Amino acid sequence: MDYNNGSWQSGVKFVEEKRSKKILRMLALIFIIFFSAGIGGIIGGYYVKKSYEEVPKLTTPSNLQQQQITSNIPKNSITKVAEVVGPAVVGITNNVTTFTGRTVKQGTGSGIIFDKAGYIVTNQHVIEGATEVYVTLAGGKKLPARIIGADYRTDLAVLKIEAKDLPVVKFGDSSKVRVGDIAIAIGNPLGEEFSGSVTAGVISAVNRKMTVDGRTYKVIQTDASINPGNSGGALCNEAGEVIGINSLKISSAEGMGFAISINEAKPIIESLMKNGYVSRPFIGIYYEFIDEEMAQEFNVPVGANIRGVERGSGAEEAGIRPGDIMVKFDGVDIKNMEDLSDALEKHKPGDVVSARIWREGQYIDVKIKLGEKNR
């Protein structure tokens, strides 16, 4: 009995010890699991925080950030041209004094500063009839201007203002302009309230000949908007070079603007700066053109029918008289209205040029010493 009772007690004690050890192992396992989870949470939280910091925040940028974003936008060619040429394009006001002595604004236009000394080129019709001319700089400053010279035939004029540190443009080479090139027009359409307006398009045509009010222009055609007030402004290429001086627009059509090519304008500008006028060769005749139809009707050759001869001119000294028909000048057959004027433009006053005239059924060769005409 005693033995059996002691064995039972020993068995109970063994079972309790085994249970305690099992509980301790379970507690240790639970502790390890929670400890590992805690460590993992800390490590995971660290990496989540780090990843979050690396992801761009979707917040509204400050004014400084907005400025930085804007400054990173690349400039296109039109933007660059506007920044370079725009400050050198000015507004021009044409004032006239009425018979009552009151000064009124007659019109406005645009101009281009091309020399740091204050020289500005514009259209002759912009300052025509003016008793006072004022120039408004890009910053808004208004200055009186002096007319250095104007040429009705080419519709160009040069002004001068007294100012320092002026921005200037660079003249390009209009002979290199191609149809389809980018064209940028800068000027003051419809008045000074729209000063510095920039429009862009393409070159639609080159070497156009247009006759308006008795003036024959060699122009560049563009679809960049050119409106009243743009006259005298700049037509530029992508490099920011002035390739033309905006002058004309066909009012009955959209997208048809015209600029005097800069290669045509350069010698006129130089002559106006040097002399105040343009020196041109002069034959000394007044004529009308005889075309093929008239020639057949009156049985005479095609050419320039002399209607009058100026006294003291080279034509008079050469023996040319009214009724003669000039059929050739400087070796060029006169087949249309432009042939004689184009051939004459290649010479200067004082040159001696050969010509052939038809008189009463006979051809006569003469030598003409060209005079000077300043209009």
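For clarity, every value in this text was computed on a predicted model and none was experimentally measured.

**Overview of the overall build of the protein chain**
Scanning the protein chain from terminus to terminus reveals 8 helices and 21 strands. Taking contacts inside the protein chain between residues at least 6 apart in sequence as the whole, the part at least 24 apart equals 57%. Counting every atom, the protein chain has about 22500 Å² of accessible surface; 54% of that belongs to carbon and sulfur.

**Let's talk about the environment of Leu-137**
Summarising the element assignment, Leu-137 is placed in the loop between strand 4 (132-136) and strand 5 (142-151). Residues Leu-137 and Ala-88 lie 49 residues apart in sequence; the distance between their C-alpha atoms is 7.8 Å. Apart from the residues within four sequence positions on either side, Leu-137 is in contact with Val-90, Ile-113, Leu-143, Ile-161 and Leu-166.

**Comments concerning a negative patch on the surface**
The grouping of Asp-291, Glu-292, Glu-293 and Glu-297 at the surface amounts to a negative patch. If you trace the backbone, Glu-297 turns up in helix 6 (residues 292-298). Under the relative-accessibility criterion, Glu-297 is labelled exposed at 58%.

**Remarks on the nonpolar core**
Val-85, Ile-92, Val-135, Leu-137, Leu-159 and Ile-161 are the most contacted members of the largest nonpolar core, which totals 45 residues. Per element, the largest residue contribution to this core is 5 residues, and it comes from helix 5 (residues 262-275). For Val-85, the contacting residues outside a window of four places in its chain are Val-169, Ile-186, Ala-234, Cys-236 and Gly-240. If you look at the next biggest cluster of nonpolar residues, it comprises 27 residues, including Ile-290, Ala-315, Ile-325 and Leu-370.

**Some thoughts on the sheet that holds strand 6 (residues 156-160)**
Read around the barrel, 6 strands follow the order 1-2-3-6-5-4 and close on themselves; strand pairing throughout is antiparallel. Between one strand and the next, the sheet's axes are offset by a mean angle of 40°, whatever the strand orientation. With 4 bridges connecting them, strand 4 and strand 5 associate as antiparallel partners. Each residue of the ladder has a partner; that of Thr-136, found in strand 5, is Lys-142.

**Side note on the side chain of Asp-339**
Inspection of the secondary structure assignment puts Asp-339 in helix 8 (residues 337-344). Here the side chain of Asp-339 touches Asn-336 through a polar contact of 3.1 Å, landing on its backbone nitrogen. Ignoring sequence-local partners within four residues, the contact set of Asp-339 consists of Asp-333 and Ile-334.

**Here's the deal with the pairing of strand 2 (residues 103-115)**
Both strand 1 (residues 89-97) and strand 2 contribute to a ladder of 9 bridges, which runs antiparallel. Within strand 2, the residue paired with Thr-93 across the bridge is Thr-108. A loop of 5 residues connects strand 1 with strand 2, the two strands running antiparallel in sequence, and Gly-101 in this loop sits at a positive phi of about 90°. Two elements, strand 2 and strand 3 (residues 119-122), share 3 bridges in a ladder whose sense is antiparallel. Note on strand 3: the bridge partner recorded for Ile-113 is Ile-120. Taking the residues between adjacent antiparallel strands as the criterion, strand 2 and strand 3 are bridged by 3 residues, where Gly-118 takes a positive phi near 105°.

**Considering the pattern of salt bridges**
Per the counting criterion, the structure on display carries 11 salt bridges. Among the salt bridges present, the one from Glu-241 reaches Lys-170, with a minimum N-O distance of 3.7 Å. Of the two residues, Glu-241 is situated in strand 12 (residues 241-249) and Lys-170 in strand 7 (residues 170-171); the sequence distance between them amounts to 71 residues. With a relative accessible area of 55%, Lys-170 lands in the exposed category.

**Considerations on the side chain of Ser-261**
Looking at the secondary structure, you find Ser-261 in strand 13 (residues 257-261). When its relative accessible area of 10% is taken as the criterion, Ser-261 is described as buried. Those residues in contact with Ser-261 that lie beyond four places of it in its chain are Ser-174, Lys-218, Ile-220, Ile-243 and Gly-244.

**Brief notes about the pairing of strand 4**
Bridging between strand 1 and strand 4 involves 5 bridges; their strand directions are antiparallel. Looking at the pairing, Asn-94 lines up with Val-133 of strand 4. As consecutive antiparallel partners, strand 4 and strand 5 are separated by 5 residues, and within that stretch Gly-140 has a phi angle of approximately 105°, a positive value.

**Some thoughts on the packing of aromatic side chains**
By the definition in use, this model includes 2 aromatic pairs. Taking the centre distance of 6.4 Å and the plane angle of 35° together, the rings of Phe-114 and Tyr-119 count as tilted. Like Tyr-119, Phe-114 is buried. Among the aromatic side chains, those forming a connected cluster through ring pairs are Phe-114, Tyr-119 and Phe-171.

**As for unusual backbone geometry**
One non-glycine residue, Asp-165, lies in the positive phi region at around 55°. Structurally, the position occupied by Asp-165 is in the loop between strand 6 and strand 7.

Parameters and conventions
- Residues numbered from 1 in each chain as written.
- Predicted model: local features only at pLDDT ≥ 70, side-chain atom pairs only at ≥ 80, totals over all residues.
- Heavy atoms only, no water.
- Helix = DSSP H or I, 4+ residues; strand = E, 2+ residues; numbered from the N terminus.
- Contact = heavy atoms within 4.5 Å.
- Areas by Shrake-Rupley, 256 points an atom, 1.4 Å probe, with all protein chains shown as cover.
- Patch = residues over 30% accessible without salt bridge, like charges linked within 9 Å, V, L, I, M, F, W, Y side chains within 5 Å.
- Salt bridge = Lys/Arg side-chain N within 4 Å of Asp/Glu carboxyl O.
- Lys, Arg positive; Asp, Glu negative; His and termini not counted.
- Charge placed at Lys NZ, Arg CZ, Asp CG, Glu CD.
- Buried < 20%, exposed > 50% of the residue type's maximum accessible area, 1.4 Å probe, protein only.
- Core = buried A, V, L, I, M, F, W, Y, C linked by side-chain atoms within 4.5 Å.
- Pairing = 2+ DSSP bridges.
- Axes fitted to C-alpha atoms, helices over the stretch in contact; angles between N-to-C directions.
- Polar contact = N/O pair within 3.5 Å; in protein donor to acceptor, adjacent residues only side chain to side chain.
- Phe/Tyr/Trp six-rings, centres within 6.5 Å; stacked < 30°, edge-to-face > 60°.

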